[in-house]
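Read off the chains here:
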Amino acid sequence: NLKNVFIYLIIKMKRFEIGESRGRRFEEDYCISIDDPFLEDYCRLLHSKAVRRLVDKTQVITAPDNIYVRSRRTHTDEVIAIGITISEKLGLNTSLVKSLALAHDVGHPPYGHLGEEVLSEVNGKKFNHNIAGVVILQNIEKCDGRGLNLTYETLEGIVSHSTQGLSRTGQYRLYSNPLVHNEYNAVMFADKIAYTTSDFNDAIRLGFIDSNKLPDFALKLGNTQDERTYTLLKSLINESMIKEKVDFSEGEIFDFFTQLRKFMHEEVYYKLDDTLKKTLLKKVFEFFSNEPSFKNINPSAALLVLTDKEVNSMGNMLLKEGRITIRGLDHFGITESLSKLIGKNIDLFNPDLEWGK
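Quick caveat, the model's predicted, so the values are computed rather than measured. (Residues numbered from 1 in each chain as written. Predicted model: local features only at pLDDT ≥ 70, side-chain atom pairs only at ≥ 80, totals over all residues. Heavy atoms only, no water.)

A. Geometry of the environment of Lys-282. Relative to the helices and strands, Lys-282 is located in helix 13 (residues 275-290). According to the relative accessible area criterion, Lys-282 is partly exposed, its value standing at 30%. On a C-alpha basis, the gap between Lys-282 and Leu-303 in space is 9.4 Å, while along the polypeptide they are 21 residues apart. Filtering out sequence-adjacent residues up to four positions away, Lys-282 remains in contact with Val-118 and Glu-121. (Helix = DSSP H or I, 4+ residues; strand = E, 2+ residues; numbered from the N terminus. Buried < 20%, exposed > 50% of the residue type's maximum accessible area, 1.4 Å probe, protein only. Contact = heavy atoms within 4.5 Å.)

B. Representation of the layout of surface pockets in the model. Of the pockets and cavities examined, the second largest pocket occupies roughly 290 Å³. Looking at the lining of the second largest pocket, the elements that each hand over two or more residues are helix 3 (49-53), helix 15 (308-321) and helix 16 (334-339). The greatest single-element share of the lining of the second largest pocket, amounting to three residues, is contributed by helix 3. Across the lining of the second largest pocket, the residue classes tally to three nonpolar, three polar and seven charged. (1 Å grid on protein atoms, 1.4 Å probe; cavity = no way out; pocket = protein on both sides within 12 Å on 5 of 7 lines; lining within 4 Å. Points joined across faces, edges and corners; volume = space filled by probe spheres on them. Nonpolar A, V, L, I, M, F, W, Y, C, P; charged D, E, K, R; others polar.)

C. How the structure looks around the side chain of Asp-191. Counting through the fold element by element, Asp-191 comes out in helix 9 (residues 182-205). On the basis of relative accessible area, Asp-191 is assigned to the buried category, the value being 5%. Here the side chain of Asp-191 touches Lys-192 through a polar contact of 3.4 Å, side chain to side chain. If we skip the residues at most four places from it in the chain, Asp-191 touches His-75, Val-79, His-104 and His-161. (Polar contact = N/O pair within 3.5 Å; in protein donor to acceptor, adjacent residues only side chain to side chain.)

D. A look at the packing of aromatic side chains. Tallied over the entire structure, the rule returns ten aromatic pairs. Ring centres of Phe-287 and Phe-288 lie 5.4 Å apart, and the angle between their planes is 55 degrees; on these two criteria the pair is classed as tilted. You'll find Phe-287 and Phe-288 in the same group, each marked buried. Above the ring of Tyr-42, the side-chain terminus of Lys-98 is found at 4.5 Å from the ring centroid. The residue whose ring lies beneath Lys-277 is Tyr-111, and the NZ or CZ to ring-centre distance is 5.7 Å. (Phe/Tyr/Trp six-rings, centres within 6.5 Å; stacked < 30°, edge-to-face > 60°. Lys NZ or Arg CZ within 6 Å of the ring centre and 35° of its normal.)

Don't take any of this as a statement about function, it's just geometry.
As structure tokens, then:
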């Protein structure tokens, strides 16, 4: 309508155009592909094993009994929905936003951020799931050494989605990166809004937070998850229109959001007792490091491509038999996943994107 056209002309938001893409790493001769390269990326990702594994990976709670508690895949769907809303309201390239949102968390190991901690410890340097996601999509998906051969922008945007930082006062503040495309920042903010509001919702559902004693700053955002989500979206979109770039870093609503994020870290995330899971992940890593059958496989990469269910099953083996056996893993997808790693020199800490620069 005329109102939306007027708003779009006013903000002059920089939209990433298809013709500006740096393309794909390898030339292709597909019998059929979609003209929009970012929509093509989205479809390739939907077919990928990396995205399928998200169904059985932790968001906050591992293998919840309640079907309505989020998995990493459910969280991903919510990021896609929020990302689309931001993109459409600001006139961005929605196909690129969709592909980034779908792929943004494929680099998460089993048990989510706990898996990141273990991989950081065993490697002696910080593991980042955003970098690992690009490694998976370029070096582990498929067997021909080309991975999914996604566009440079989709891969670069995956690396960029974790941009954030602490302020001098120790608050959990977010920062729009002025050096990247608006679409990248849109997905970064969509991710933070999605997991903060949904994790808060799940924490209430599971009894970690008393629904009758919700903090005032959460209620200021709304009485339900939908109300809180759309309050944050409205504020982000309005601020972005004024600044002519995707940003959300000022105002009363942003301050309430910052308080809610801080609350979730201090009252939920940091209070989860993950001692047994962390010990199990280290045992699984040791298994891959010492098992002769896997001598040509990077043990960190092997751990990365496991699902929560597979790690849980390996834990049950330890309890019942005192050791993990290959025989007990045959009926899982682990053997198919590990076949993609044999003899590959995979560096989980290098996104390998120099080809597009």
